[in-house]
Amino acid sequence: MERAAMFLTELAPQARQVFHHLLCNPGRRIHCTELVDEALGGPNESDPARRVAGVLSGMSKAHGNSERRLPFYWWEAPEGSAGATYAVRPSVAAVFLAAQCNSA
């Protein structure tokens with residue numbers, strides 16, 4: 001729980017927004033366009049896939065300090081499609097949501 005709380009405090013603001021959206025939808029694969037629309041305030045001139053990937057690079061400090069794998073999974077788009085999908089396991093989401101509540 002402590003490591004999860006520390007991870008959360010080290011996230012860049014937009015990475016925190018995206019991760020929070022994933023945590024609130026545990027176990028569901030979420031396409032990058034939904035993350036842009038729901039977590040990042042809607043589209044801009046950037047490609048949604050690149051925008052989300054760039055935002056998630058804001059987890060690099062937290063990820064490096066945690067000495068663990070990233071707390072989400074991602075899947076490349078199927079051939080002929082665009083944009084990755086992302087998900088957090090329900091058990092992982094429960095730990096991070098509890099850590100969020102305990103640190104508030």
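Residues numbered from 1 in each chain as written. Predicted model: local features only at pLDDT ≥ 70, side-chain atom pairs only at ≥ 80, totals over all residues. Heavy atoms only, no water.

Enquirer: Explanation requested: helix H1 (residues 2-9) in the structure shown.
Expert: The periodicity of an α-helix, 3.6 residues per turn, causes residues three or four places apart in sequence to face the same way. Every buried residue of H1 is accounted for by Ala-4, Ala-5, Phe-7 and Leu-8. The buried residues of H1 occupy one face: seen down the axis, they fall within an arc of 160°. Turned more than 90 degrees from where H1 packs its buried face, Glu-2, Arg-3 and Thr-9 sit exposed. (Buried < 20%, exposed > 50% of the residue type's maximum accessible area, 1.4 Å probe, protein only. Helix = DSSP H or I, 4+ residues; strand = E, 2+ residues; numbered from the N terminus. Arc of directions from axis to C-beta.)

Enquirer: I keep staring at the packing of aromatic side chains and nothing clicks. Help me out?
Expert: A ring pair, where both rings are aromatic, is described by two values, the distance of the centres and the angle of the planes. As enumerated under the stated definition, the model contains 5 aromatic pairs in all. Here the aromatic rings of Phe-7 and Phe-19 are separated by 5.9 Å at their centres, their planes lie at 65°, and the arrangement is edge-to-face. Here Phe-7 is found in helix H1, whereas its partner Phe-19 is found in helix H2 (residues 13-23), with 12 residues between them in sequence. The exposure classification of Phe-7 matches that of Phe-19, with both residues buried. Ring pairs connect the aromatic residues Phe-7, Phe-19 and Phe-96, which therefore count as one cluster. Over the face of the ring belonging to Trp-75 we find Arg-29, whose NZ or CZ atom lies 3.7 Å from the ring centre. The ring of Tyr-73 is capped by Arg-69, whose NZ or CZ atom sits 4.2 Å from the centre of that ring. (Phe/Tyr/Trp six-rings, centres within 6.5 Å; stacked < 30°, edge-to-face > 60°. Lys NZ or Arg CZ within 6 Å of the ring centre and 35° of its normal.)

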